[in-house]
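Next come the chains, spelled out residue by residue.
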Amino acid sequence: MRVLVVEDDPMIGEAVVAGLGADGYAVDWVRDGRAAELSVDTHTYAVVLLDLGLPMRDGIDTLKSLRARKVDVPVLIITARDTVADRIAGLDAGADDYLVKPFDLDELSARVRALLRRAAGRAEPVLSHGSVTLNPATHEVRLEGRPIELSAREFALLLALAERAGSVVSRAQLEEKLYGWNEPVGSNAIEVHIHNLRKKLGEALIRNVRGLGYKLD
Ligand code: CA
């Protein structure tokens, strides 16, 4: 899952990027409202974390402009503006959630997971597909009840396929979800992860759809 962090405070930005990176997200970080709009226009994000007090363009204006252009990415506002009026203004401008600084990184992670669940149209926190279950909160994967060790990228790839089970996900879409700007993608990186997932979870789980991509079967 690829996440955009829009935050001009270097300490908070670094902490959030590190925290979400440790959770296995591919994280892009920009420091002003204009760069945020440009990023959202050129990449597909699962969630945007948006500060309000930003250079170039205020967070609320940035959000309104995204929504006016029908960009439907889930937006979680992260801000020091803590009045009830601020929260209402943020949510009514099109935010999906609102978190006041200083916040706990574990709470931020849980809110991101909740937004991802809703965006994927599900309410249950654990995904299951056939005999495989995945828990995005704990990164636990089980096959017929037995725990299976996956790397962070393998987990992210499996989650990306499970979120769209039954549909084909292209290699380009998987690369976009798994890797941020600062991470070079090897030409066969996705194939290698797929190969490892099949070894750990069974050859039949992930189907190759020739010329199109992969799907969970
Ligand atoms: Ca700020």
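Residues numbered from 1 in each chain as written. Predicted model: local features only at pLDDT ≥ 70, side-chain atom pairs only at ≥ 80, totals over all residues. Heavy atoms only, no water.

A. Summary view of the coordination of the calcium ion. For the calcium ion, the full set of protein donor atoms is Asp-8 (OD), Asp-51 (OD) and Gly-53 (O), at a range of 2.1 to 2.3 Å. Donor residues for the calcium ion, ordered by position in the chain, follow D-x42-D-x1-G. Given a relative accessible area of 4%, Asp-51 falls into the buried group. For Gly-53, a relative accessible area of 33% corresponds to the partly exposed category. (Donors = N, O, S within 2.8 Å, 3.2 Å for Na, K, Ca; no water. Buried < 20%, exposed > 50% of the residue type's maximum accessible area, 1.4 Å probe, protein only.)

B. Inspection of helix α2 (residues 33-42) at higher detail. Of all the positions in α2, only Gly-33, Ala-36, Glu-37, Ser-39 and Val-40 are classed as buried. The arc enclosing the buried residues of α2, seen along the axis, measures out at 165 degrees, which places them on a common side. In α2, the exposed positions angled more than 90 degrees off the buried face are occupied by Arg-34, Leu-38 and Thr-42. Residues of α2 that are buried in the fold lie against β1 (2-6), β2 (26-30), β3 (47-50) and α3 (59-68). (Helix = DSSP H or I, 4+ residues; strand = E, 2+ residues; numbered from the N terminus. Arc of directions from axis to C-beta. Contact = heavy atoms within 4.5 Å.)

C. How the structure looks around the pattern of salt bridges. In this structure the tally under the stated criterion is 18 salt bridges. With a shortest N-O distance of 3.7 Å, Glu-140 and Arg-142 are connected by a salt bridge. Using a relative accessible area of 37% as the deciding quantity, one classes Glu-140 as partly exposed. Note that Glu-183 is salt-bridged to Arg-153, the shortest N-O span being 3.1 Å. Residue Glu-183 is found in the loop between α7 (171-178) and α8 (189-201), and its partner Arg-153 is found in helix α6 (residues 152-163); the two are separated by 30 residues along the sequence. Its relative accessible area of 27% is what places Arg-153 among the partly exposed residues. One continuous salt-bridge network, built from bridges that share partners, spans Glu-37, Asp-41, Arg-57 and Arg-69. (Salt bridge = Lys/Arg side-chain N within 4 Å of Asp/Glu carboxyl O.)

D. Looking closely at the packing of helix α1 (residues 10-22) against helix α5 (residues 105-119). At a minimum axis distance of 10 Å, the contact between α1 and α5 shows a crossing angle of 60 degrees. With respect to α5, the element α1 is oriented oblique. Along this stretch, α1 crosses α5, giving a crossing that reads as right-handed. On α5, the residues that touch Ala-15, Val-16, Gly-19 and Leu-20 of α1 are Leu-105, Leu-108 and Val-112. (Axes fitted to C-alpha atoms, helices over the stretch in contact; angles between N-to-C directions. Parallel < 35°, antiparallel > 145°, perpendicular 65-115°, else oblique. Left-handed = near helix turned anticlockwise from the far one by under 90°.)

E. The packing of α7 against α8, seen in detail. Their axes nearest at 10 Å, the elements α7 and α8 cross at an angle of 90 degrees. Here α7 is positioned roughly perpendicular relative to α8, judged by the angle of their axes. Between α7, through Arg-171, Leu-174, Glu-175 and Leu-178, and α8, the contact on the second element is made entirely by Ile-190, Glu-191 and His-193. When the residues that make up the contact of α7 with α8 are grouped by side-chain class, the tally is 3 nonpolar, 1 polar and 3 charged. (Nonpolar A, V, L, I, M, F, W, Y, C, P; charged D, E, K, R; others polar.)

By themselves, these figures tell us nothing about what the structure is for.
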